[in-house]
Amino acid sequence: MDNHYSMKEITSITGITASALRYYEKEKILPFIERNQKGVRRYNDQNLEWIHFILALRSTNMSIAEIKWYVNLYHQGEETIEERRKLLHDHQQKVAEEVKLQQKYLKRISKKIALYDDVTTDLQTIACEIH
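Notes on the structure in this doc start here. (Residues numbered from 1 in each chain as written. Predicted model: local features only at pLDDT ≥ 70, side-chain atom pairs only at ≥ 80, totals over all residues. Heavy atoms only, no water.)

**Regarding the nonpolar core**
Counting 22 residues, the largest nonpolar core has Ile 10, Leu 21, Tyr 24, Leu 30, Tyr 43, Ile 51 and Ile 67 as the members making the most contacts within it. Going through the elements one at a time, helix 1 (7-14), helix 2 (18-26), helix 3 (45-59) and helix 4 (64-76) are the ones with two or more residues in this core. Each residue touching Leu 21, except ones within four places of it in the same chain, is listed here: Met 7, Ile 10, Thr 11, Ile 16, Leu 30, Tyr 43 and Ile 51. (Core = buried A, V, L, I, M, F, W, Y, C linked by side-chain atoms within 4.5 Å. Buried < 20%, exposed > 50% of the residue type's maximum accessible area, 1.4 Å probe, protein only. Helix = DSSP H or I, 4+ residues; strand = E, 2+ residues; numbered from the N terminus. Contact = heavy atoms within 4.5 Å.)

**Digging into the pattern of salt bridges**
By the definition in use, this model includes 7 salt bridges. One salt bridge connects Arg 41 with Glu 25, and the closest N-O pair in it is separated by 2.5 Å. Here Arg 41 is found in strand 3 (residues 41-44), whereas its partner Glu 25 is found in helix 2, with 16 residues between them in sequence. The closest approach of N and O atoms between Glu 27 and Lys 26, which form a salt bridge, is 3.5 Å. Residues joined in a network through salt bridges with shared partners are Glu 25, Arg 35 and Arg 41. (Salt bridge = Lys/Arg side-chain N within 4 Å of Asp/Glu carboxyl O.)

**Points about helix 4**
Over its 13 residues, helix 4 runs 18 Å from end to end, which matches the ideal 18 Å to within 8%, given 1.5 Å per residue. Of the positions making up helix 4, those classed as buried are Ile 64, Ile 67, Tyr 70, Val 71 and Leu 73. The positive-phi residue at the C-terminal boundary of helix 4 is Gly 77, with phi of around 100°. (Expected span 1.5 Å × (residues − 1).)

**Quick look at the packing of aromatic side chains**
Tallied over the entire structure, the rule returns 6 aromatic pairs. The interplanar angle of 75° and the centroid separation of 6.3 Å between the aromatic rings of Trp 50 and Phe 53 together place this pair among those described as edge-to-face. Placement of both Trp 50 and Phe 53 in helix 3 is noted, with a separation of 3 residues, approximately one turn of the helix. The interplanar angle of 80° and the centroid separation of 4.9 Å between the aromatic rings of Trp 50 and Tyr 74 together place this pair among those described as edge-to-face. In this pair, Trp 50 is assigned in helix 3 and Tyr 74 in helix 4, connecting sequence segments 24 residues apart. In this structure an aromatic cluster arises from ring pairing among Phe 32, Trp 50, Phe 53, Tyr 70 and Tyr 74. (Phe/Tyr/Trp six-rings, centres within 6.5 Å; stacked < 30°, edge-to-face > 60°.)

What follows is the structure in structure tokens.
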């Protein structure tokens, strides 16, 4: 049986804002949102999975347009699986390159911190020798 969540519960679980959820729904990025008789959104486990997936894509700099394209392909069914796979594979490659670049920058920052640590240690040593 599928769990059902309110918008407030979804925002608490995912950290995404209610306005972002409404925007994703309006842009048809977040498919299949049900509403009860009063028109209140009722999210289910499948919606929650989609939200986590969208967050992963957005957090790795996939554009809204690309996500919309992916969702559009998804709605077209199994015949688009290879195209969806390629889209995600291409994105994965971009993310891997970005991670590699970030690691390079992290090393540079770490080197600078190590230099400051050395200078601080030297200054402390000199201060101790003076006293």
